[in-house]
Amino acid sequence: MEETSVRSLTKQKRGNQLDEQMDILCMRIEEGIAKEPVMLMVSYAGKEDSRAIITCKLASLLANRGKKVLLVDTNFENPSLHEWFRTNSLYGFSDLLIDGPSQQMYKETMIEGFTFLPAGSKKDVIGRRLEPNYEKELLKWKKVYDIVLFQAPSAQVSNPPSFVTKACEGVIFLVKERKDKKKDITKLAEHYMKLGKYVAGVIYQKT
């Protein structure tokens with residue numbers, strides 16, 4: 001998949017409508033998974049958790065294009081993605097990491113091929129002893145799904161766990177007009193690129 005440069009993150013064309021940006025990003029992702037499935041982090045520099053709806057829409061679009069998609073909420077301290085699916089977050093990714101996987105954790109959405117994994121009930125994942133076989137479950141995802149999207153919490157609140165970042169090949173950034181500062185966006189992008197993650201794309205939102 002062709003990379004997006006750090007510089008281009010702060011020079012996104014503001015005239016582009018959100019739907020057009022989504023379509024372009026979907027095509028870029030599809031080109032990348034023609035060779036192999038991909039795991040991507042969705043991250044943002046601002047404080048608002050309301051941007052999760054954009055990630056949900058992206059996952060829905062990819063599923064409607066015939067891709068098998070898993071959307072994972074990694075915001076353990078303040079999960080919100082489950083609200084968009086009118087479900088709870090009592091059992092999910094954090095429970096998988098601590099207690100082991102269970103098929104009951106996975107929520108099938110109304111869109112064919114689109115599966116959702118809530119954050120779960122355990123808020124203090126970082127620093128705890130993880131279930132030894134959790135990595136096998138993450139590897140299995142690449143055999144089941146074409147695309148795995150990890151929704152990260154706001155970079156101003158906390159970073160996703162290192163093992164989640166390690167599992168991802170690239171990052172998608174959500175940038176909000178007049179809300180996100182250029183220096184914060186650049187700093188966040190450079191952080192991931194230093195870790196060897198490519199910038200898969202950016203979705204620019206007007207306010």
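Above: the structure in question.
Let me sum up the structure you'll find in this document. Quick caveat, the model's predicted, so the values are computed rather than measured. (Residues numbered from 1 in each chain as written. Predicted model: local features only at pLDDT ≥ 70, side-chain atom pairs only at ≥ 80, totals over all residues. Heavy atoms only, no water.)

Broken down by element type, the protein chain carries 8 helices and 7 strands. For the protein chain, with 207 residues in total, the buried portion stands at 52%. At a minimum sequence separation of 6, the contacts of the protein chain that also span at least 24 residues come to 84%. Accessible area of the protein chain: about 10600 Å², with a carbon and sulfur share of 48%. (Helix = DSSP H or I, 4+ residues; strand = E, 2+ residues; numbered from the N terminus. Buried < 20%, exposed > 50% of the residue type's maximum accessible area, 1.4 Å probe, protein only. Contact = heavy atoms within 4.5 Å. Areas by Shrake-Rupley, 256 points an atom, 1.4 Å probe, with all protein chains shown as cover.)

Looking now at the pattern of salt bridges. Scanning all chains against the criterion turns up 8 salt bridges. Taken together, the shared-partner salt bridges in this structure form one network comprising Asp23, Glu30 and Arg65. (Salt bridge = Lys/Arg side-chain N within 4 Å of Asp/Glu carboxyl O.)

Look at helix H2 (residues 18-33) against helix H3 (residues 52-64): their axes get within 10 Å of each other, and the N-to-C directions meet at 55°. Of the possible angle classes, the one that applies to H2 and H3 is oblique. Relative to H3, the crossing made by H2 is right-handed. Residues Leu18, Asp19, Met22, Leu25, Cys26 and Ile29 of H2 pack against Ile54, Lys57, Leu58, Leu61 and Leu62 of H3. Residue composition of the contact of H2 with H3, by class: 9 nonpolar, no polar and 2 charged. (Axes fitted to C-alpha atoms, helices over the stretch in contact; angles between N-to-C directions. Parallel < 35°, antiparallel > 145°, perpendicular 65-115°, else oblique. Left-handed = near helix turned anticlockwise from the far one by under 90°. Nonpolar A, V, L, I, M, F, W, Y, C, P; charged D, E, K, R; others polar.)

Picture the strands of a sheet paired through backbone hydrogen bonds; they go either parallel or antiparallel. Read across the open sheet, the 7 strands follow the order S3-S4-S2-S5-S1-S6-S7; overall the sheet is mixed. Here the strands that pair on one side only, and so sit at the sheet edges, are strand S3 (107-108) and strand S7 (198-205). Alignment of strand S2 (residues 69-73) against strand S5 (residues 147-151), held across 5 bridges, turns out to be parallel. Among the inter-strand pairings, leucine 71 is bridged to a residue of S5, identified as leucine 149. Helix-sheet contacts for helix H6 (residues 134-144) involve strand S1 (38-43), S2, strand S4 (114-117) and S5, and the interaxial angle to S1 is about 110°. (Pairing = 2+ DSSP bridges.)

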